[in-house]
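# Observations on the three-dimensional arrangement
Below are the chains, spelled out letter by letter.
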Amino acid sequence: MQDGHALASLSDEALMERVGRQDRTAYAALVERHLEHMIAVAFRMAGGRAEAEDIVQEAFLRLWRSAPAWQARNARFSTWFHRVVINLCIDLSRKRKWLPLEAAGDIDDPAPSPEEKAEDHDMQSQIADALASLPHQQRAAVTLCYYEGLSNREAADVLQTSVKAVESLLVRARRGLAEKLASFRSEICETR
Amino acid sequence: METVMLKDEDVIRVFEYFGADPRRWPDDRRSAALAHIAASTKSFDSWAREAARLDALLDSNLVPAIRPGLKARMLALPDQSSSTPLALHRDSTIRLRAALLPGRYWQAAAGLVVAAVLGFMTGIQLPQEGDSLEALDISAFMQGVTQDEEELL
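The present account deals with the structure reproduced in this document.

## Brief notes about the interface of chain B and chain A
How big an interface is tends to be stated in terms of accessible area lost as the parts join. Listed as interface residues are 38 residues of chain B and, on the opposing side, 43 residues of chain A. Between chain B and chain A lies a buried interface of about 4100 Å² when both sides are counted; carbon and sulfur atoms form 59% of it. In this assembly, chain B and chain A are joined by eight salt bridges. Among the salt bridges present, the one from E53 of chain A reaches R67 of chain B, with a minimum N-O distance of 3.1 Å. Counting across the chain B and chain A interface gives 18 residue pairs in polar contact (both at pLDDT 80 or more). The dominant element in the side of chain B that touches chain A, judged by the number of residues it contributes, is helix α3 (residues 45–59) of chain B, at eight residues. Classifying every residue of the side of chain B that touches chain A by side-chain character gives 21 nonpolar, six polar and eleven charged.

## Topic: helix α8 (residues 136–147) of chain A
Turn by turn, an α-helix covers 3.6 residues, leaving residues three or four places apart pointing in a common direction. Residues and elements named next belong to chain A. Over its twelve residues, α8 extends 15 Å from the first C-alpha to the last, a length consistent with the 16 Å expected when each residue adds 1.5 Å. Counted residue by residue, α8 has eleven buried out of twelve residues, so it is predominantly covered. Along α8, the positions that sit buried rather than exposed are H136, Q138, R139, A140, A141, V142, T143, L144, C145, Y146 and Y147. Positive backbone phi, at 70°, marks G149, one or two positions downstream of α8.

## Some words on a nonpolar patch on the surface
A surface patch of nonpolar side chains, amounting to about 400 Å² of accessible area, comprises V113, V117, F120 and M121 of chain B. Here V117 of chain B lies in helix α7 (residues 105–125).

## So, the packing of helix α2 (residues 12–20) of chain A against helix α4 (residues 49–70) of chain A
The description of two helices packed together rests on the angle between their axes and the distance between the axes. Residues and elements named next belong to chain A. Interhelical geometry of α2 versus α4 gives an angle of 100° and a closest axis separation of 7 Å. As judged from the angle between their axes, α2 and α4 are roughly perpendicular. In this structure, α2 contributes E13, M16, V19 and G20 to the contact, and α4 contributes L63, W64, A67, P68 and W70. Split by residue class, the contact of α2 with α4 holds seven nonpolar, one polar and one charged.

## Section: the pattern of salt bridges
The full count for this structure, using the stated rule, is 19 salt bridges over all chains. Linking R21 of chain A and E17 of chain A is a salt bridge whose minimum nitrogen-to-oxygen distance equals 3.9 Å. We note a salt bridge from D59 of chain B to R24 of chain B, for which the minimum N-O separation is 3.6 Å. Placement of D59 of chain B in helix α3 and of R24 of chain B in the loop between α1 (8–18) and α2 (27–39) is noted, with a sequence separation of 35 residues between them. Look at R24 of chain B and you get partly exposed, because its relative accessible area is 29%. Ionic contacts of the salt-bridge type, sharing partners, join the residues E53 and D54 of chain A together with R67 and R73 of chain B into one network.

## Considering empty space enclosed by the protein
All chains considered together, the criterion is met by two cavities of 30 Å³ or more. Of the voids in this model, the largest cavity is the one considered here, and its volume is about 60 Å³. Along its surface, the largest cavity is lined by F43, R44, M45, G47, A128, L131, A132 and R139 of chain A together with N61 of chain B. Taken together, the elements giving at least two residues each to the lining of the largest cavity come down to α3 (24–46) and α7 (123–132) of chain A. In terms of residue class, the lining of the largest cavity is made up of five nonpolar, two polar and two charged. The calculated volume of the second largest cavity comes to roughly 50 Å³. What lines the second largest cavity is I39, F43, R49 and E53 of chain A together with P64, A65, I66, R67 and L70 of chain B. Of all the secondary-structure elements, those providing two or more residues to the lining of the second largest cavity are α3 and α4 of chain A. The residue inventory of the lining of the second largest cavity, partitioned by class, reads six nonpolar, no polar and three charged.

Reading the values: the criteria
- Residues numbered from 1 in each chain as written.
- Chains lettered and ligands numbered in written order.
- Predicted model: local features only at pLDDT ≥ 70, side-chain atom pairs only at ≥ 80, totals over all residues.
- Heavy atoms only, no water.
- Contact = heavy atoms within 4.5 Å.
- Buried area = accessible area lost by both parts, 1.4 Å probe.
- Salt bridge = Lys/Arg side-chain N within 4 Å of Asp/Glu carboxyl O.
- Polar contact = N/O pair within 3.5 Å; in protein donor to acceptor, adjacent residues only side chain to side chain.
- Helix = DSSP H or I, 4+ residues; strand = E, 2+ residues; numbered from the N terminus.
- Nonpolar A, V, L, I, M, F, W, Y, C, P; charged D, E, K, R; others polar.
- Expected span 1.5 Å × (residues − 1).
- Buried < 20%, exposed > 50% of the residue type's maximum accessible area, 1.4 Å probe, protein only.
- Patch = residues over 30% accessible without salt bridge, like charges linked within 9 Å, V, L, I, M, F, W, Y side chains within 5 Å.
- Areas by Shrake-Rupley, 256 points an atom, 1.4 Å probe, with all protein chains shown as cover.
- Axes fitted to C-alpha atoms, helices over the stretch in contact; angles between N-to-C directions.
- Parallel < 35°, antiparallel > 145°, perpendicular 65-115°, else oblique.
- 1 Å grid on protein atoms, 1.4 Å probe; cavity = no way out; pocket = protein on both sides within 12 Å on 5 of 7 lines; lining within 4 Å.
- Points joined across faces, edges and corners; volume = space filled by probe spheres on them.

Spelled out as structure tokens, the structure:
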């Protein structure tokens with residue numbers, strides 16, 4: 001087993017190979033390296049902090065469990081792991097549409113205060129709503145390319161599609177967002 | 001890198017697809033687009049402004065800071081996980097299932113086994129041929145009253 005400094009210089013793929021041999025230090029290095037990014041991806045895809053945390057937890061669990069078989073696959077670690085997180089987000093949002101009310105469980109946050117209710121109308125929540133209203137693939141394209149800075153090629157690999165298709169998803173997403181946020185902007189102008 | 005020649009509409013598309021910040025433009029089009037904007041007599045200001053407005057809105061959608069304890073929760077996952085890695089466990093289950101029964105027939109077979117067990121359990125609780133009818137008090141049972149209730153009547 002190596003210390004954290006030595007592991008920090010290893011590639012994701014090399015770390016994953018060690019995780020496949022049940023090396024917890026290598027696993028910890030991958031958590032250290034990817035947790036924040038994956039939370040950001042899941043948050044923008046799922047739209048909530050609690051959901052994002054659960055999704056990333058499931059993704060890391062899958063990482064640990066499937067590491068022994070992973071080395072045979074012909075994919076970069078980051079591509080594979082982004083794909084796991086994106087697919088979990090899409091699965092969750094599909095299931096959420098059909099969940100009975102009882103399955104929703106307890107609400108994570110307490111009732112909003114009047115100030116918080118007023119803040120619900122702020123720009124951030126409007127943008128989150130606009131993002132959430134996009135079809136899954138468009139949302140994933142914006143999350144990966146715009147927010148995460150992946151190249152179009154990398155995003156295409158994650159989404160298992162072509163670069164051209166990613167560009168098409170991006171432009172449709174941006175047009176959709178511009179449309180939704182334009183009405184929000186005019187609402188704001190009218191109230192001021 | 002090969003120099004790409006862009007037209008006005010290609011540059012407009014770059015703004016539309018990727019926003020106003022050239023750092024977000026694809027590597028294969030960034031220099032060509034900037035060169036075209038610099039050399040062109042056409043103004044791309046309105047496209048750049050519109051794209052920048054949307055970028056600013058998107059940038060204001062911030063991700064909340066990671067909660068303390070979340071990293072520890074992730075680091076503890078291997079302890080909660082089964083000692084058998086999922087891939088190995090799943091592969092061996094699939095192999096076993098495939099060896100025993102082809103395709104999806106295992107579900108039907110499992111249903112038949114459950115039905116057989118339930119049938120057997122029901123069978124051993126039913127009266128046998130030698131059982132006394134008096135003991136079972138069938139007539140009272142059929143009329144909805146017990147022997148004690150019959151005496152009271």
